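# Observations on chain architecture
In case you want the letters, here they are:
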Amino acid sequence: MKSDGPHYEFGPFVLLPSEHALLRGSDRLHLAPRDFELLVILVERAGHLVRKEELQERLWPDTVVEEGNLTKHVSTLRKALGDADGPGRLIETVPRVGFRFAAPVTRVQPPGAADAPIGPVASPASRRV
């Protein structure tokens, strides 16, 4: 699948934001639009805390939503990714504060793209404070 923009690789997954696609090997996983946008936000900020307020503002601009909506979308996304509890979890919860994409992520530029940095977004060592 050709992508015009950067894509992200983590574990067995490839995330193609410009194509609105998440691949696991050759299989395309289907995510609801908000679940996909949530994944893009978290992966782009891999290793860093993303506050609940920021997520709500980006996912539901100009709309007031309950925190439970965000929690539901995180839960749905975890199920789609096969994200089990415990060590090795892809999406970490920081209680009452936000979420962090904890897996190592590599950002890949397509051939011929502008001179943007290529390489890891976050490494396991850099994601802990």
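Criteria and thresholds
- Residues numbered from 1 in each chain as written.
- Predicted model: local features only at pLDDT ≥ 70, side-chain atom pairs only at ≥ 80, totals over all residues.
- Heavy atoms only, no water.
- Phe/Tyr/Trp six-rings, centres within 6.5 Å; stacked < 30°, edge-to-face > 60°.
- Helix = DSSP H or I, 4+ residues; strand = E, 2+ residues; numbered from the N terminus.
- Buried < 20%, exposed > 50% of the residue type's maximum accessible area, 1.4 Å probe, protein only.
- Salt bridge = Lys/Arg side-chain N within 4 Å of Asp/Glu carboxyl O.
- Axes fitted to C-alpha atoms, helices over the stretch in contact; angles between N-to-C directions.
- Parallel < 35°, antiparallel > 145°, perpendicular 65-115°, else oblique.
- Left-handed = near helix turned anticlockwise from the far one by under 90°.
- Contact = heavy atoms within 4.5 Å.
- Nonpolar A, V, L, I, M, F, W, Y, C, P; charged D, E, K, R; others polar.

Bringing the packing of aromatic side chains into the picture now. Applying the stated criterion across every chain, the model contains two aromatic pairs. Each ring, one from Phe10 and one from Phe101, has its centre 4.9 Å from the other, and the planes form 80°; the classification is edge-to-face. Of this pair, Phe10 sits in strand 1 (residues 7-10) while Phe101 sits in strand 7 (residues 98-101), placing them 91 residues apart in sequence. Given a relative accessible area of 0%, Phe101 falls into the buried group.

Inspection of the entire model under this criterion finds six salt bridges. With its nearest N and O atoms 2.7 Å apart, the salt bridge here joins Glu54 to Arg45. Between Glu92 and Arg100 there is a salt bridge, and its shortest N-O distance comes to 3.2 Å. With respect to class, Glu92 is no different from Arg100; both count as buried. Shared partners join several salt bridges into a network, and the residues in it are Arg45, Glu54 and Arg58.

The next thing to look at is the packing of helix 1 (residues 33-44) against helix 2 (residues 52-59). Direction vectors running N to C along helix 1 and helix 2 enclose 135°, while the axes themselves pass 11 Å from each other. Judged by the angle between their axes, helix 1 and helix 2 are oblique. Relative to helix 2, the crossing made by helix 1 is right-handed. Residue-level inspection shows Arg34, Glu37, Leu38, Ile41, Leu42 and Glu44 of helix 1 in contact with helix 2, the latter providing Leu55, Arg58 and Leu59. Across the contact of helix 1 with helix 2, the residue classes tally to five nonpolar, no polar and four charged.

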